[in-house]
Amino acid sequence: MSSAPAPSTSSAVVTESGTRPRHVAIILDGNGRWARARGLPRAAGHKRGADAVKRAVNSAGDLGIEYLTLFGFSTENWLRPEDEVRDLMGLLRFYLQVEITELHRGGVRFKVIGDRSQLPPDTVALIEQSEKLTAGNSKLVLTVALSYGSRKEIVSAARALAAECMAGNMTPDQIDEAAFSQRLFTHDMPDPDLLIRTSGEQRISNFLLWQIAYTEFVFTPTLWPDFSHDDLKAAVETYMTRERRYGAINA
Ligand code: IPE
Ligand code: MG
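Residues numbered from 1 in each chain as written. Chains lettered and ligands numbered in written order. Predicted model: local features only at pLDDT ≥ 70, side-chain atom pairs only at ≥ 80, totals over all residues. Heavy atoms only, no water.

(A) Focus on the site of ligand 1. In the vicinity of ligand 1, the residues found are Leu 28, Asp 29, Gly 30, Asn 31, Gly 32, Arg 33, Arg 42, His 46, Gly 72, Asn 77, Arg 80 and Leu 88. Asp 29 is positioned such that a nitrogen or oxygen atom in its side chain is 2.9 Å from an oxygen atom of ligand 1. For ligand 1, the accessible surface in isolation is 380 Å², of which the surrounding protein chains cover 87%. Counting only elements with at least two residues in the shell around ligand 1, the list comes to helix H2 (31–36) and helix H3 (42–62). Per-element tally for the shell around ligand 1: the top contributor is H2, with 3 residues. (Near = heavy atom within 4 Å. Polar contact = N/O pair within 3.5 Å; in protein donor to acceptor, adjacent residues only side chain to side chain. Areas by Shrake-Rupley, 256 points an atom, 1.4 Å probe, with all protein chains shown as cover. Helix = DSSP H or I, 4+ residues; strand = E, 2+ residues; numbered from the N terminus.)

(B) Fine view of the packing of aromatic side chains. Here the structure, examined in full by the defined rule, presents 8 aromatic pairs. The interplanar angle of 90° and the centroid separation of 5.9 Å between the aromatic rings of Tyr 148 and Phe 207 together place this pair among those described as edge-to-face. Here Tyr 148 is found in strand S4 (residues 140–148), whereas its partner Phe 207 is found in the loop between strand S5 (194–197) and strand S6 (216–219), with 59 residues between them in sequence. There is no split in this pair, since Tyr 148 and Phe 207 are both buried. (Phe/Tyr/Trp six-rings, centres within 6.5 Å; stacked < 30°, edge-to-face > 60°. Buried < 20%, exposed > 50% of the residue type's maximum accessible area, 1.4 Å probe, protein only.)

(C) Geometry of the pairing of S4. Along S4, 9 of the 9 residues are buried, which leaves the element largely enclosed by surrounding structure. Bridge count between strand S2 (residues 67–74) and S4: 7 bridges; the pairing is parallel. Of the residues in S4, the one forming a bridge with Phe 73 is Leu 146. In the sheet, strand S3 (residues 108–113) pairs with S4 via 6 bridges, with the strands oriented parallel. Bridge pairing links Val 108 to Leu 140 in S4. (Pairing = 2+ DSSP bridges.)

Such coordinate-based values are descriptive only and should not be taken to indicate function.
In structure tokens:
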């Protein structure tokens, strides 16, 4: 048995029926379709999507959610046209510059997971500043997955464990779920209880593959820019109903 803390892989299973989700993860989707439906450029959809992020952060706090993890930009999203990638990075920089003080004041801890080596250096600097500024906050942990891909994350963990074995710091039989979890970006947070994807798509798209082993899924047709406080509340209520059924079967 490794000395790493117990794995957090079963938080949804041990949750009592009717309990609120501690950790909600969201795959933001539908910005482009929102814009197209209005005859607007995709950038306009992303801008409204950023407003929806602000709204979701406030709502999460109001609903007593402790961890909110947003899939903002995947490793595959780098394949989008250069000007769209530039728009998205620009929005992120703008959001961080303008909103970080507000987040900090609200007790939000901001974190980014993903491959930072792919991000522009000024964006990385801004992310690091924001993480440092908010490191002591604990009302809500807001994690944004940027240039994130779950298979890559899993491969990195495997590589780290192999290197530790080669260095003689551990043996292969000491590799267990806890040791593995400890080497993921998410080592310091519980696994998501609830995963929401907007825009009617029902896919995971390489997001938190290890961490969602016991997660409840809610798929909503709402496009991300339209995602409201009531949508988040409804998803949380659906989750609570499911947990209640699960408890009844177990009783
Ligand atoms: C989600 O909206 C936002 C990001 C991935 C940044 P999309 O840009 O994927 O919007 P659709 O899927 O084209 O509507
Ligand atoms: Mg999409």
